[in-house]
Amino acid sequence: MKRKYRAKSKKIDRSLYKELFKNIEEVKAYVGCSADLVVRHFFLGKNQSKYAAIIYMDGMVDLRAVEELMAHSDSVSIDRDVWAKAQTYFEQFGEITEIEHFQKMLNHLLQGHAICIVDGFPCCIGVDISQWAERQIEESNVEKVIRGPKEAFLENVRVNTSLIRRRLNDENLWFESRTLGKRTKTKVVLGYLNGVADEAVLAELRTRLDRINTDAINSGGELEELIQDQFYTPFPTVYSTERPDTVTSQILEGKIAIMVDGTPFVLVVPALMVQFFQSAEDYAQRADIGSAIRLLRYLSVLFALLTPSLYIAFTTYHQELIPFNLLVSLTAQSEV
């Protein structure tokens, strides 16, 4: 069975119609009559004098807010200045955006906003009542600690920024948001401490993000490949963590956090080799204990790198340096 409306891929750079039904039909055409598109009609005004409709994507909005919006729509007084009265009414339910262009309306719709259209006006109102299922804040599964916070980032980028803001209550903690991916339109947020972060590094990061031209950004790993200096290297050049306390500590040191919506891991740049020898639990210990544990990690890596090569050098080329009894034991073991 063929669809009645045929989806279009090109952008629509035009204003909305005054007629409510024309706008609804156009929305259906551009989303291919998608099964999760919901259109509900209602009247505004005490005498039900203005015909209106609310459009949203099922599963992405707060349905209780939608029901309340429609239930009290007859309480609106629209005798004069209808559009201003309608805006005042809708802003009770969430942040509103006045939209005049069709493409902007589609973008807000697909981001989880409810689109309210009033018949007779060549514009609409986007109400931010977005809400979708997400897991609760849980303990980190990868970076577990005995002492220290148990919280980990979620897939919701706004929850992640709030976890950082709660730990770093400073007016110089700035978040910059941008959208990447022509089709996924993934929200990417930069977090840094203004006046502490290196402006040259920040400018370079902005440049690398702005020149990304791709259809999709689905995870932080994809973004990492597009912004890192060297691709063919065994050494990581971008630090990744799921702990808010670790990111907060890195921001205080002048690093820049990169949060990708839909990913519970946050990227931190620039990354230094010493960061990979640190643990979130180091900050929960006394300074001398934390420093001793970190020094022990350095020594362990040093021994892990040098011990095999020293063993091969002694047993193969410098056997005279090995005590005779130990050499006999090693030879007997190798023969077995």
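Predicted, not measured: the structure shown is a model, and the values here were computed from it.

This part is about the nonpolar core. If you look at the biggest cluster of nonpolar residues, it comprises 26 residues, and the most contacted ones within it are Phe-42, Leu-44, Ile-54, Leu-69, Phe-90 and Ile-129. Taken together, the elements giving at least two residues each to this core come down to strand 1 (37-44), strand 2 (50-57), helix 2 (63-71), helix 3 (82-90), strand 4 (114-118) and strand 5 (124-128).

In terms of residue burial, helix 8 (residues 244-252) counts as a mostly covered element, since 8 of its 9 residues are buried. Of all the residues in helix 8, the buried ones are Pro-244, Asp-245, Thr-246, Val-247, Thr-248, Ser-249, Gln-250 and Ile-251. Where helix 8 is buried, its residues contact helix 5 (157-167), strand 6 (173-180), strand 7 (186-193), strand 8 (239-241), strand 9 (256-260) and strand 10 (266-269). Backbone geometry just downstream of helix 8 places Gly-254 in the positive-phi region, at approximately 100 degrees.

It is worth spelling out the packing of aromatic side chains at this point. Overall, the coordinates contain 9 aromatic pairs when judged by the stated rule. Ring centres of Tyr-30 and Phe-102 lie 5.7 Å apart, and the angle between their planes is 55 degrees; this geometry places the pair in the tilted category. One end of the pair, Tyr-30, is in helix 1 (residues 20-30); the other, Phe-102, is in helix 4 (residues 102-110), with 72 residues separating them in the sequence. Exposure class is identical for Tyr-30 and Phe-102. Each is buried. Seen in terms of ring centroids, Phe-277 and Tyr-298 are 5.0 Å apart; in terms of plane orientation they differ by 55 degrees. Their pairing is tilted.

For the rest of this paragraph, the subject is the confidence of the model for the protein chain. When the pLDDT values of the protein chain are averaged, the result is 86; 94% of them are 70 or greater. Mean pLDDT values over the elements of the protein chain span from 74, in helix 10 (residues 324-335), up to 96, in strand 9. Scored below 50 in pLDDT, residues 1-9 shows 14 contacts in the model against residues more than four places distant or in partner chains.

Take the layout of surface pockets next. Counted as a void, the second largest pocket has a volume near 260 Å³. Surrounding the second largest pocket, Val-201, Glu-204, Leu-205, Arg-208, Ile-227, Gln-228, Asp-229, Thr-237, Val-238, Val-269, Pro-270 and Ala-271 form its lining.

Next up on the list: empty space enclosed by the protein. If you walk through the whole model with that rule in mind, you get 1 cavity of 30 Å³ or more. The space that makes up the largest cavity amounts to roughly 60 Å³. Taken together, Tyr-239, Thr-246, Gln-250, Gln-275, Gln-278, Ser-279, Ala-280 and Tyr-283 make up the full set of residues lining the largest cavity. Residue classes in the lining of the largest cavity are distributed as 3 nonpolar, 5 polar and no charged.

Attention now goes to the packing of helix 5 against helix 8. Packing of helix 5 against helix 8 brings their axes to within 9 Å, and their N-to-C directions diverge by 60 degrees. Between helix 5 and helix 8, the angle falls in the class oblique. The hand of the helix 5/helix 8 crossing is right-handed. Of the residues in helix 8, those touching helix 5 at Leu-163, Ile-164 and Arg-167 are Pro-244, Asp-245, Val-247, Thr-248 and Ile-251. Per-class residue counts for the contact of helix 5 with helix 8 are 5 nonpolar, 1 polar and 2 charged.

Among the structural elements, Leu-295 can be located in helix 9 (residues 287-316). Linking Leu-295 and Asp-81, residues 214 residues apart in sequence, is a C-alpha distance of 71 Å.

As a further point, take the pattern of salt bridges. All told, the structure shown has 16 salt bridges when counted by the stated rule. Here Arg-14 ties to Glu-26 by a salt bridge, and the two come within 3.2 Å at their closest N and O atoms. With Arg-14 in the segment before helix 1 and Glu-26 in helix 1, this residue pair connects regions lying 12 residues apart in the sequence. The exposure class of Arg-14 is partly exposed, given its relative accessible area of 21%. What emerges from the salt-bridge pattern is a single network uniting Glu-176, Arg-178, Arg-206 and Asp-210.

On to the environment of Tyr-17. Of note, Tyr-17 is situated in the segment before helix 1. Overall, the relative accessible area of 30% leaves Tyr-17 in the partly exposed class. For the pair Tyr-17 and Asn-141, spaced 124 residues apart in sequence, the C-alpha to C-alpha distance is 51 Å. Setting aside its immediate chain neighbours within four residues, Tyr-17 contacts Lys-22, Asn-23, Glu-26, Phe-121 and Pro-122.

Rules used in this analysis
- Counting from 1, residues in each chain are numbered in the order their sequence is written.
- Thresholds applied to this predicted model are a pLDDT of at least 70 for local features of residues and 80 or more for the giving and counting of side-chain atom pairs; totals over whole chains, interfaces and linings are not thresholded and use all residues.
- In computing side-chain values, all of the structure's heavy atoms are included and hydrogens and water are not.
- Take the buried Ala, Val, Leu, Ile, Met, Phe, Trp, Tyr and Cys residues and link them wherever side-chain atoms come within 4.5 Å; each set so joined is a nonpolar core.
- Only protein chains enter the accessibility calculation, which uses a 1.4 Å probe. A residue is then buried if its area is under 20% of the maximum for its type, exposed if over 50%, and partly exposed in between.
- Helix and strand definitions here come from DSSP, where helices need a minimum of 4 consecutive H or I residues and strands a minimum of 2 consecutive E residues; each element is numbered from the N-terminal end.
- Here, two residues are considered to be in contact whenever any of their heavy atoms come within 4.5 Å of each other.
- Pairing of aromatic side chains here covers Phe, Tyr and the six-membered ring of Trp, requires ring centres within 6.5 Å, and sorts the geometry by plane angle: under 30 degrees stacked, over 60 edge-to-face, intermediate tilted.
- In predicted models, pLDDT denotes the confidence assigned by the predictor to each residue on a 0 to 100 scale.
- Within this scheme a cavity is a closed region of a 1 Å grid, computed over the protein atoms alone, that accommodates a 1.4 Å probe without allowing it to escape, whereas a pocket is open but has protein on both sides within 12 Å along at least five of seven lines; lining residues each have an atom within 4 Å of a point.
- Grid points are joined across faces, edges and corners, and a volume is the space filled by probe spheres set on the points.
- Gly is put with the polar residues, along with every residue not named as nonpolar or charged; the nonpolar set is Ala, Val, Leu, Ile, Met, Phe, Trp, Tyr, Cys and Pro, and the charged set is Asp, Glu, Lys and Arg.
- To obtain an axis, a line is fitted to C-alpha atoms, over the contacting stretch when the element is a helix, and the angle between two such axes runs from 0 to 180 degrees between their N-to-C directions.
- For this classification, under 35 degrees means roughly parallel, over 145 means roughly antiparallel, 65 to 115 means roughly perpendicular, and everything else is oblique.
- Handedness of a crossing is defined here by the sense of rotation of the near helix relative to the far one, left-handed for an anticlockwise turn of less than a right angle and right-handed for a clockwise turn.
- The term salt bridge refers to a pairing of a side-chain nitrogen on Lys or Arg with a carboxyl oxygen on Asp or Glu at a separation within 4 Å.

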